[in-house]
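# Examining the three-dimensional arrangement
The residues making up each chain are set out below.
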Protein chains: 4
Amino acid sequence: MLGPRVWSSVRQGLSRALSSTVGGWASGEGRKVDISGIYPPVTTPFTATAEVDYGKLEENLHKLGTFPFRGFVVQGSNGEFPFLTSSERLEVVSRVRQALPRDKLLLAGSGCESTQATVEMTVSMAQVGADAAMVVTPCYYHGRMNSAALIHHYTKVADLSPIPVVLYSVPANTGLDLPVDAVVTLSQHPNIVGIKDSGGDVTRIGLIVHKTRRQDFQVLAGSAGFLLASYAVGAVGGVCALANVLGAQVCQLERLCLTGQWEDAQKLQHRLIEPNTAVTQRFGIPGLKKTMDWFGYYGGPCRAPLRELSAPQEEALRLDFTSNGWL
Amino acid sequence: MLGPRVWSSVRQGLSRALSSTVGGWASGEGRKVDISGIYPPVTTPFTATAEVDYGKLEENLHKLGTFPFRGFVVQGSNGEFPFLTSSERLEVVSRVRQALPRDKLLLAGSGCESTQATVEMTVSMAQVGADAAMVVTPCYYHGRMNSAALIHHYTKVADLSPIPVVLYSVPANTGLDLPVDAVVTLSQHPNIVGIKDSGGDVTRIGLIVHKTRRQDFQVLAGSAGFLLASYAVGAVGGVCALANVLGAQVCQLERLCLTGQWEDAQKLQHRLIEPNTAVTQRFGIPGLKKTMDWFGYYGGPCRAPLRELSAPQEEALRLDFTSNGWL
Amino acid sequence: MLGPRVWSSVRQGLSRALSSTVGGWASGEGRKVDISGIYPPVTTPFTATAEVDYGKLEENLHKLGTFPFRGFVVQGSNGEFPFLTSSERLEVVSRVRQALPRDKLLLAGSGCESTQATVEMTVSMAQVGADAAMVVTPCYYHGRMNSAALIHHYTKVADLSPIPVVLYSVPANTGLDLPVDAVVTLSQHPNIVGIKDSGGDVTRIGLIVHKTRRQDFQVLAGSAGFLLASYAVGAVGGVCALANVLGAQVCQLERLCLTGQWEDAQKLQHRLIEPNTAVTQRFGIPGLKKTMDWFGYYGGPCRAPLRELSAPQEEALRLDFTSNGWL
Amino acid sequence: MLGPRVWSSVRQGLSRALSSTVGGWASGEGRKVDISGIYPPVTTPFTATAEVDYGKLEENLHKLGTFPFRGFVVQGSNGEFPFLTSSERLEVVSRVRQALPRDKLLLAGSGCESTQATVEMTVSMAQVGADAAMVVTPCYYHGRMNSAALIHHYTKVADLSPIPVVLYSVPANTGLDLPVDAVVTLSQHPNIVGIKDSGGDVTRIGLIVHKTRRQDFQVLAGSAGFLLASYAVGAVGGVCALANVLGAQVCQLERLCLTGQWEDAQKLQHRLIEPNTAVTQRFGIPGLKKTMDWFGYYGGPCRAPLRELSAPQEEALRLDFTSNGWL
């Protein structure tokens, strides 16, 4: 639990933030922060009794720290953020901040359903050390989340956030693709620096890069399955669940893309597709955590209602790694 | 804000609940509570500065109290519950309880994403006076919410809830239809009394009635658009957004169905379809609240990111009422 | 194969039709034909070598003739019409016409992808004895089939058809729901008499009945699963795959609805839902044909690429009938 | 119209084909035909009275012949094949064959709903000069088109086809994605040489390339919007509606990809996305044909029920070209 001290500090941060001008690295010289690179969206380790296991979290981070990641995403979809209390969300970010070297970026998921709650969470995330806020689209009323509503939402959040904001579109969870025209409009906001796009539609990713080319705006692929293709059309990095277990390989794929070794990149990309699908769409967080256990990290259980894999599912998961030479 | 006294009382209730046997009206004589009838899912009134306006809430309830409703649903999808803090959710229920005559049922939406949070919220809802908990399916990870996961989730909630549990399936919001086989399994739980089904698939509703016929289990239609058809296949009532503005008419439709006056029922049902669609799918809560303003209730603004209707939308909304003779 | 004589006759019919005024039973006194009642959509029997087995077709019709059906649908989705040549489509209708007593209506599916081909097929269907044409929405380019395109298509077909036209909306096959506003516009055409709606959305069915109430226009439910509910909101009959095997029961359900015995109707409806789903969505035409074999009709094989059920599927299919007391 | 001579010749070809061993370029030395390169899917020009305008077809081909295309797709989705009679389908292919230099590949769409009809059409297409058959998935019963059904269908077609077969998956039209496991199985057939994949899911395209890497099997992107990304993950070409109007540019994009000039390729790809979307998803064949008129080809009308663009649609279409510097 976040103690009273932290909360009080959060509240102070909030009032400071709300009364100050737009902040983050975007202010001052007028250049936005560069978020290019690879990020694992870290999982939240739980004990057998479903408490957050901060010790295991730090151990995982320590091991992941050996790879040339640009930083870490905390409280993305893989972080089970909808299952955490507000205090837990902040405490996790706080602990990750303390465990990370200062040169690693910490992108903290701060999205909530209401605009107001998102603003408050974003300010609090800044207070506990997030470098940028990754804000998922509100989703419960996705039928009414048209461009106008989303532009208004993100503008308000970005206006009031002391740290840069990264848009986050993940239709598999939210039922909602942040419309391209909304992204283009929002790219002009001085405190919105990019988007994590997990939809996997590379035509859309290319179009976003194209239509925001005159802005200081960056696109991160939301999954390792289309990372190479995203680089090819102008993305600058990725937030990849798979990097939690195959961190070296995802970073190698990045390097091959950046150095124009497309043939080798293609071969490596091919071998990552099935493992990636296995730890995302096919078996979700339970699959990712199970794989982490195999690769020397702490995966552990998910919070309910997410459930452990069955034995046949586990076998299928393993096959997706062995058949590609990773286990 | 819920004061410290209430919270403390909530916590006591929780510990009592967790240490006691399954409760609610289901215990004792072995018969489950009868939830048949019509319920408006009450909206949450907000001030111009987006604070919950408890006074307006009470005024609305006072006016709605003149209709022969079986009770009220609080914190359903129309209550903007995802935009409320936990304290607000409980305080709203508490205020509604105080404003309602004892013979009106209060069904409180207590669903959260995690099983644990849902249990806690359900227990708290009981503590502040809910007669039953209406528990929406978790949705952010709907891709993994298969029957096994949902049966486990609802069983845990129902095991620990001091009040009866009503399942709540609303695919337009959650992207998830609670599978029929899960409903059938859950219908056997002594503390699960029924389902509110908002999907509008009357074949499914008939099948649920049929396959739970040996259980003490009731089905409520989740919208006025298919209320007559739902009665025809065995539903026992409805939770109808439209009842917030056309309360007399929805209750009249119920009576016509219950007394077998199907011809008149059909005529009335027909005239309710367009208005109902207008305040649900077509224009959502902003449409419902706007209509409430027209009908002498307090609608007022929604919390962001929900937005007010545009002038052309408002006109279209009005037409759906005038063309059917309601305005 | 349709011989040269028939084709020549078809062509004559076409030229007659195109030069005459709009025909069918709709002409003369200005009242449209009454299509109320129950229709089995007959299957097309094939030999082991996938030839149309006209003898078996007649045997099936002979057996089905003992039930009080209003008529028969030939070349609906269950007739495997997309797998038949034009000649076979006409020959099947011709044979059914000869096998049917004159007082049974023959609704022939005449939909093709292009408007012109649909017109020609409709005229030919009239020539070989169809009483009305049931015209499915074009579907390959469903992304462009908006109301304007569909209104234009159906108007042209109805203008040129010598027999009344029944609209046919079956989104499970076509990916397209004929929009309500298009239905309302088309209901005013003197040669369009009704719609077969297979989508199962009873709110929509009620709305169509309501908004066409001033027209001479009838709605048929497209499946037995929502037949009672459709009657309850104003439909006048149904085209029910299940009537191919449980003809007596579907006709009994009709009678119970028409005579206001809603309680008995409900009980019967309940027992028909699972068998109906089994021979439609769940196991498709292969399931329907297999069941026909069980019930003393000739089901036989489907044309490829449709395939026979596996043994476990067959068992599940049987269970859906036995568990409801039909086998 | 195809004259009697051609039909007789088609029939002879059919009997020859059915009695011979599997044919096409695949026989003999055991290497499959190489289909790599860019193909415009040619439109079918119609006169004002909706007759096929073979003269305009030849004129278009003549103009398109100046670009370094690998060949032409005839009777793809853009060819309005569902609106053509069998005779017209063959005559169009026959005319294209005559108009093309021998070194251009002619891929003819020969898919029908039934397996038998598809076999017959494929054999006929070979007879009138197609180099390979592009076979779209059957779609009316897409709910039953699982891997087993589709493998059976394509195997039968490929067994009996005298020319190589290219699989064709276009979910926007068919509601069906040819499953990856079916593609992998079918890639082993000696007479199946590749797939045209129009779904735009580049993760899937990469996976298909990866899992068929030990087969002689090629992947063509089905649209210019994801052409670069497809090359990046191992596709060898594309069937691009946009190549009907921006043929030089699409071929240039191919060359940039093949020569590893990814930076320039990316810039060009970006400028092609909006125009491509405009002539496919956004405005369909009416949009493509309108654009052809602008670019000096004959576009002309579509057959009904496809309709011409409205003036505002035309303006939006034009903007998608002008804003990217193409008009």
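Residues numbered from 1 in each chain as written. Chains lettered and ligands numbered in written order. Predicted model: local features only at pLDDT ≥ 70, side-chain atom pairs only at ≥ 80, totals over all residues. Heavy atoms only, no water.

Rotating chain A by 180° and translating it 0.0 Å along the rotation axis places it on chain B, where the RMSD comes to 0.0 Å. Such values leave the two copies arranged in the relation of a two-fold axis. For chain A, the smallest separation between a C-alpha atom and the rotation axis is recorded for Gly175 of chain A, amounting to 3.5 Å. Both copies contact each other with a shared surface, as 100% of the interface residues of chain A are interface residues in chain B too. (Least-squares fit on C-alpha atoms with pLDDT ≥ 70 in both. Contact = heavy atoms within 4.5 Å.)

Residue and element names in this part refer to chain A. The positions UniProt marks with the feature "binding site: pyruvate" (unreviewed entry) are Val239. Among the secondary structure elements, Val239 is positioned in strand E9 (residues 237-239). Look at Val239 and you get buried, because its relative accessible area is 0%. Not counting residues up to four positions away in its chain, the partners in contact with Val239 are Tyr39, Pro41, Val73, Lys196, Leu220, Ala221, Gly222 and Ser223. (UniProt positions renumbered as here; feature names shortened; annotations may be inferred. Helix = DSSP H or I, 4+ residues; strand = E, 2+ residues; numbered from the N terminus. Buried < 20%, exposed > 50% of the residue type's maximum accessible area, 1.4 Å probe, protein only.)

A few words on the pairing of strand E3 (residues 71-74) of chain A. Residues and elements named next belong to chain A. Where burial is concerned, the two faces of E3 agree: the one with Gly71 and Val73 and the one with Phe72 and Val74 are both buried. Bridge count for strand E2 (residues 41-42) against E3 is 2 bridges, and the pairing is parallel. Bridging from a neighbouring strand, Pro41 pairs with Val73 of E3. Following the backbone out of E2, through helix H2 (residues 54-64) and into the adjacent parallel E3, one traces a crossover that is right-handed. Bridge count for E3 against strand E4 (residues 105-109) is 4 bridges, and the pairing is parallel. Looking at the pairing, Gly71 lines up with Leu105 of E4. Between E3 and its parallel partner E4, the chain crosses via helix H3 (residues 86-99), and the hand of that crossover is right-handed. (Pairing = 2+ DSSP bridges. Right-handed = clockwise from strand over helix to strand, strands pointing away.)

Here we come to the UniProt feature "active site" (unreviewed entry) in chain A. Residue and element names in this part refer to chain A. When the UniProt feature table is mapped onto this chain, "active site" (unreviewed entry) is found at Tyr168 and Lys196. The named residues occupy 29 residues along the chain; their greatest pairwise C-alpha distance, 4.8 Å, places them in one compact cluster. In this structure Tyr168 touches Gly76, Ser77, Met134, Val135, Val136, Thr137, Tyr154, Lys196 and Ser198, once residues within four positions along its chain are discounted. Position of Lys196 among the secondary structure elements: in strand E7 (residues 192-197). Not counting residues within four places of it along the chain, the set of residues in contact with Lys196 comprises Met134, Val166, Leu167, Tyr168, Ser169, Leu220, Gly222 and Val239.

As a further point, take the sheet that holds strand E6 (residues 165-169) of chain A. In a beta sheet, neighbouring strands are held together by backbone hydrogen bonds and run either parallel or antiparallel to one another. Pairing is parallel in the open sheet, where 9 strands are placed in the order E1-E9-E8-E7-E6-E5-E4-E3-E2 (chain A). Only two strands of the sheet have a single neighbouring strand rather than two, namely strand E1 (37-39) and E2 of chain A.

To continue, consider the relation of the copies chain C and chain B. Least-squares fitting of chain C to chain B yields an RMSD of 0.0 Å, with the superposition described by an axial translation of 0.0 Å and a rotation of 180°. Counting the interface residues of chain C, we find that 100% of their copies in chain B are interface residues as well, pointing to one common contact surface.

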